[in-house]
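The residues making up each chain are set out below.
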There are 2 protein chains.
Amino acid sequence: MKKNFLLTPGPTPVPAEVLLAMATPSIHHRTPQFKAIFKEMNENLKYLFQTQNDVFTFACSGTGAMEAAVVNLLSAGDKAICVQGGKFGERWGEICRAYNIDFVPIDVEWGIAVEPEEIAQVLKKHKDAKVVFTTQCETSTGVLNDIKAIAEITKGTDTVLVVDAISSLGGVNLETDSWGVDVVVTGSQKGLMIPPGLAFCSVSKKAQGLVEKAKSPRYYFDFRLSKKALDKSDTAFTPAITLCIGLNEALKMIKRETLEVIFERNRKLARAVRAAMRAMGLKIFAKDPADVVTAVCSPKEVDSDKLVKIMRDEYGVSIAGGQAQLKGKIFRIAQLGYVNEFDLVMGISCLETVLSKMGYKFELGKGIGAFEAELLK
Amino acid sequence: MKKNFLLTPGPTPVPAEVLLAMATPSIHHRTPQFKAIFKEMNENLKYLFQTQNDVFTFACSGTGAMEAAVVNLLSAGDKAICVQGGKFGERWGEICRAYNIDFVPIDVEWGIAVEPEEIAQVLKKHKDAKVVFTTQCETSTGVLNDIKAIAEITKGTDTVLVVDAISSLGGVNLETDSWGVDVVVTGSQKGLMIPPGLAFCSVSKKAQGLVEKAKSPRYYFDFRLSKKALDKSDTAFTPAITLCIGLNEALKMIKRETLEVIFERNRKLARAVRAAMRAMGLKIFAKDPADVVTAVCSPKEVDSDKLVKIMRDEYGVSIAGGQAQLKGKIFRIAQLGYVNEFDLVMGISCLETVLSKMGYKFELGKGIGAFEAELLK
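Parameters and conventions
- Residues numbered from 1 in each chain as written.
- Chains lettered and ligands numbered in written order.
- Predicted model: local features only at pLDDT ≥ 70, side-chain atom pairs only at ≥ 80, totals over all residues.
- Pairing = 2+ DSSP bridges.
- Helix = DSSP H or I, 4+ residues; strand = E, 2+ residues; numbered from the N terminus.
- Axes fitted to C-alpha atoms, helices over the stretch in contact; angles between N-to-C directions.
- Contact = placed C-beta atoms within 7 Å.
- Nonpolar A, V, L, I, M, F, W, Y, C, P; charged D, E, K, R; others polar.
- Core = buried A, V, L, I, M, F, W, Y, C linked by C-beta atoms within 7 Å.
- Buried ≥ 20, exposed ≤ 12 C-beta atoms within 10 Å, placed from the backbone.
- Expected span 1.5 Å × (residues − 1).
- Domains from an automatic or database assignment.

## Details of the sheet that holds strand β4 (residues 102-107) of chain B
Residues and elements named next belong to chain B. What the seven strands build is an open sheet, ordered β2-β10-β9-β8-β5-β3-β4; its pairing is mixed. Two strands close off the open sheet at either side, each with one partner strand: β2 (54-59) and β4. Each strand axis lies, on average, 20° off the axis of its neighbour in the sheet, ignoring direction. One ladder, built from six bridges, connects strand β3 (residues 79-84) with β4; its direction is parallel.

This is how it looks when you write it as structure tokens:
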């Protein structure tokens, strides 16, 4: 009897209540029935984003919403700054390149957070940079960047701050309005607890100013079309109806529990997972770890790709391996979305079992013990 | 006891088997488990598209895939021809405008099919047109264009033919390869019987030639990234996993029934619906009607928007009203996807009931009688 469980940093497990809501008979999107759901969903998205700004919903993956941010804010030849400290930070650069944006990369060593001071320096040199693109949680390395401090830098300037919070929103704190973050991008399959297929952008008034001027060609991702529709609680194009229905249920669950409680749980779980790894003699990869995904250095004798494969194919427990230059070298366990302490106990027990089978020497049960002890504090 | 049922030209009803498949516990997309589903889904998409070409799947609405076709084939300043005979034909023009494509519109009166000869004439005048964009079933008017005849015109030339088959693929015949259609665009929520959120483009070798040269900026919709991923049975970005799982189930149902049987059923049902409308003294709007959606002129005394609203809100039966200049003037009933004769009996009975209540004079039961008689032939 193999049960499958996801401890990956997206997709995350979907609560049965949400799965069942999405399995109800189809409804049409241009009806009062859907409009009521969409309206409630949009209200609750504002709660999630901690914003009064518009939050636009697109049927696409997170990357689509990242592209939406680029094309709606910039024109070919415009200058931007991209913080690149992992696979997803680099994606900002790739999208800018595709749209002929003249971007200044800030290359940060994988595993550490960007120094806000470095952004301030680069911005001083490139005062004409219209946008700073950065990442809150860099999923590929498990690093958390200090968005509050970064927003302090862009706040008083004409430069707009865009944050990829795809794997962090709803998992760690991001106070869009009070910190002064102009555009926050996220996806549906992480902290939002629904399947992939929806992505979102919140857009501040300051960012809206760039939207009017941006000349990058766009249609499906055009914020102007999204805005016109949203003002009537409608969508510019056919929405992914079932995913919106699921999201509405998931957001109600989040609101009932409150963001504060969720953030605190993830904080505790992440601390306990790190304690478990250390008790097993393993090293945490990120110097500035995010509380939603823990990246762990694989022991020398263990190829992390093989570890992930055995855990998944023989035991049904999915964690993530390393990407790009970290392939085979790290594994990543998520504390994100619909995941509680006993899900992680299962994950750590499976990890202990497979590491042991793969020849790594440590005392079985040590990880679980440290995990429990940390949570009992 | 109000039961809700969809007879709209998208979204269409989703079979319970498909809804339940989508409600199973989440799986990760970079796993052998998902890869096997995705591979089978892609094989069966080729059957649906009647093609050996690559079929790219995007998490987006149909419009996203239309935009994908434009940006992957053309550069700003390139010439194209857009057949505009309804709201969706006009969308080709809108997308071309957004990307500074120099497009020649062929404006066709709403309700009639484009004359293939007209396309031939325009193409003769504009030999440098790289692409002809057209629509198979124009959902807004219920018109079917003769794609086979149009493909005959572009076949021997350097011009690539792109067909929006969003509301028709899997509903009426479209022989991508044997007719010589270069790019076929479709969406998930019509003939494919799953919820909205996925869209597709099949791309011929001839079209692939343009993809290499096209300079329109693109990232999320870049066919080159899609191709590279598809060759490894993978996706460039996180796929809409549950929708892919649902699609795989739906495509297996389609393959089991065979396209021929489905096309024949829709043909018969559409003929019977038209007979029913005529028996009730109503006029079919389209001179060249498609067998997937029947557009009907509302009687003078009946505002079709009101009719649709009462049918939906008081009786639970959703049909579609008119769009743009046809608002209030026509209503549309779909014979598409998971809809059989008794679903339509219910729809026609509801229509008879509400038309009668709204003061339109005709003999109750006449429509149903004609519908049954036509099917008994």
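## Description of the interface of chain B and chain A
Tallying the contact residues gives 45 residues for chain B and 45 residues for chain A. For the side of chain B that touches chain A, the secondary structure elements donating two or more residues are α1 (16-22), α3 (62-73), α4 (87-98) and α10 (241-257) of chain B. Per-class residue counts for the side of chain B that touches chain A are 25 nonpolar, 16 polar and four charged.

## A few points about the sheet that holds strand β11 (residues 283-284) of chain A
Residues and elements named next belong to chain A. What the three strands build is an open sheet, ordered β11-β12-β14; its pairing is antiparallel. Edge positions in the sheet fall to β11 and β14 (330-334), since each has one partner strand and no second. Judged from the two bridges that link them, β11 and strand β12 (residues 293-297) form a sheet pairing that is antiparallel. In the sheet register, Ile284 faces β12, and the bridge partner there is Val296.

## Comments concerning the nonpolar core
Ranked by internal contacts, the top residues of the largest apolar core, which has 264 residues, are Val185(A) and Val185(B). Setting aside residues up to four positions removed in sequence, Val185(A) forms contacts with Gly62(A), Ala65(A), Met66(A), Ala69(A), Val162(A), Val163(A), Asp164(A), Ala165(A), Ile166(A), Phe200(A) and Cys201(A).

## A closer look at helix α4 (residues 87-98) of chain A
Residues and elements named next belong to chain A. The end-to-end C-alpha distance of α4, which contains twelve residues, comes to 16 Å, matching closely the 16 Å that a straight helix rising 1.5 Å per residue would cover. For α4, the complete set of buried residues consists of Phe88, Gly89, Arg91, Trp92, Gly93, Ile95 and Cys96. One or two residues past the end of α4 sits Asn100, with phi positive at roughly 55°.

## Re the domain arrangement of chain A
All names here are of chain A. Once the domains are mapped, chain A shows domain 1 (5-10 + 258-376) and domain 2 (16-257). The centre of domain 1, based on its C-alpha atoms, is set 28 Å off from the matching centre of domain 2. Domain 1 puts 26 residues into the contact, and the matching count from domain 2 is 25 residues. At the level of elements, α11 (259-279) and β12 are the ones that each hand at least two residues to the side of domain 1 that touches domain 2. Counting residues per element, the side of domain 1 that touches domain 2 draws most heavily on α11, which supplies four residues.

## Things to note about unusual backbone geometry
Residues and elements named next belong to chain A. Of note, the bond from Gly10 into Pro11 is cis; its omega dihedral lies within 30 degrees of zero at -5°. Its identity is not glycine, yet Ser233 carries a phi of approximately 50°, on the positive side. Structurally, Ser233 is set in the loop between α9 (223-230) and α10 (241-257). Owing to 15 C-beta atoms within 10 Å, Ser233 belongs among the partly exposed residues under this scheme. If you check the backbone angles, Thr258 has positive phi at about 80° while not being a glycine. When you line up the elements, Thr258 lands in the loop between α10 and α11. Given 11 C-beta atoms within 10 Å, Thr258 falls into the exposed group.

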